[in-house]
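Residue-level structure breakdown
Below, each chain spelled out in residue letters.
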Amino acid sequence: MKLISSEHVFENSLIRVSVDHALDPSGFEIKRAIVHHPGSAVVLPVDAKKRILLVHQYRLPAQKMLWELPAGKIDPGETALQAAKRELKEETGCKAKKWSKLADFYPSPGFLGEKMTIYLATELVEGEATPMDDERIEKKWFTAKEVEEMLRTGKILDAKTNIGFLRWKYLK
Ligand SMILES: [Mg+2]
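Just so we're clear, the structure is a prediction, and the values are computed from it rather than from any experiment. (Residues numbered from 1 in each chain as written. Predicted model: local features only at pLDDT ≥ 70, side-chain atom pairs only at ≥ 80, totals over all residues. Heavy atoms only, no water.)

Description of helix 2 (residues 144-152)
Count 3.6 residues to each turn of an α-helix, and residues three or four apart come out pointing the same way. Ala144, Val147, Glu148, Met150 and Leu151 are the residues of helix 2 that are buried. Looking straight down helix 2, one finds its buried side chains confined to an arc of 160 degrees; they lie on one side. In helix 2, the exposed residues that point more than 90 degrees away from the buried face are Lys145 and Arg152. On the buried face of helix 2, the contacting elements are strand 5 (52-59), strand 6 (64-68), strand 10 (138-142) and helix 3 (159-170). Once helix 2 finishes, Gly154 follows within two positions and takes phi at roughly 75 degrees, a positive value. (Buried < 20%, exposed > 50% of the residue type's maximum accessible area, 1.4 Å probe, protein only. Helix = DSSP H or I, 4+ residues; strand = E, 2+ residues; numbered from the N terminus. Arc of directions from axis to C-beta. Contact = heavy atoms within 4.5 Å.)

Description of the sheet that holds strand 9 (residues 116-125)
Spatially, the 4 strands line up as an open sheet ordered 7-4-9-8, and their pairing is mixed. Each having just a single partner strand, strand 7 (71-73) and strand 8 (95-105) make up the two edges of the open sheet. Between one strand and the next, the sheet's axes are offset by a mean angle of 25 degrees, whatever the strand orientation. In this sheet, strand 9 lies alongside strand 8 in antiparallel orientation, the contact comprising 9 bridges. Residue pairing for strand 9: Lys101 is matched across the bridge by Tyr119. Together, strand 4 (40-45), strand 7, strand 8 and strand 9 form the strand contacts of helix 1 (residues 80-92), whose direction differs from that of strand 8 by roughly 120 degrees. Here helix 3 sits on the sheet in contact with strand 4, strand 7, strand 8 and strand 9, set at roughly 105 degrees to strand 8. (Pairing = 2+ DSSP bridges. Axes fitted to C-alpha atoms, helices over the stretch in contact; angles between N-to-C directions.)

A word on the coordination of the magnesium ion
The coordination sphere of the magnesium ion contains the protein donors Ala71 (O) and Glu91 (OE), at a distance range of 2.1 to 2.3 Å. One end of the pair, Ala71, is in strand 7; the other, Glu91, is in helix 1, and 20 residues separate them in sequence. Of the two residues examined, Ala71 and Glu91, each falls in the buried class. (Donors = N, O, S within 2.8 Å, 3.2 Å for Na, K, Ca; no water.)

Considerations on the domain arrangement of the protein chain
The domain architecture assigned to the protein chain consists of domain 1 (2-36) and domain 2 (40-170). Placing the centre of domain 1 and that of domain 2 at their C-alpha centroids yields a distance of 29 Å. At the interface, 6 residues of domain 1 touch 5 residues of domain 2. The junction of domain 1 with domain 2 conceals about 390 Å² of combined surface from both sides, 54% of it contributed by carbon and sulfur atoms. Along the contact surface separating domain 1 from domain 2 lie 0 salt bridges. Our count for the domain 1 to domain 2 interface comes out at 3 residue pairs in polar contact (both at pLDDT 80 or more). Here the side of domain 1 that touches domain 2 is built from residues that sort into 4 nonpolar, 1 polar and 1 charged. (Domains from an automatic or database assignment. Buried area = accessible area lost by both parts, 1.4 Å probe. Salt bridge = Lys/Arg side-chain N within 4 Å of Asp/Glu carboxyl O. Polar contact = N/O pair within 3.5 Å; in protein donor to acceptor, adjacent residues only side chain to side chain. Nonpolar A, V, L, I, M, F, W, Y, C, P; charged D, E, K, R; others polar.)

Next up, the structure:
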């Protein structure tokens, strides 16, 4: 890839937006508005009874409450795994003794640079959640069967939750 120009449009603590003009590796010219993002870590917490812990919160872009896997932005200097451990603790109060990577994916690569990394977290110990000031999060355990039914009936609409659950259940 060869960057010809990059026009800065907007920046906050989470994202940066630019309009980039570039040549792809084959020399094809591309111009796109791009949302740059440091990447996110996602956690699929599964307990000894094979139940899955989901969080429920209002999502302004979707304009609805969504059931999701715990997740969050990777902070500067953090690895994806360190961010996963921190987010699980902050959002649910849980700690896990066993961690393994399930998948990496780009949720919307047409305009968004964010890469998500999903980890399976098992051998869980529950504790007190410590959400950020701008987060209001409810948590609940579901059986795998319940999660499948929620996916089938559109009660789970979040992409990382679809991918994390299906990769764990059917494509580990
Ligand atoms: Mg979060």
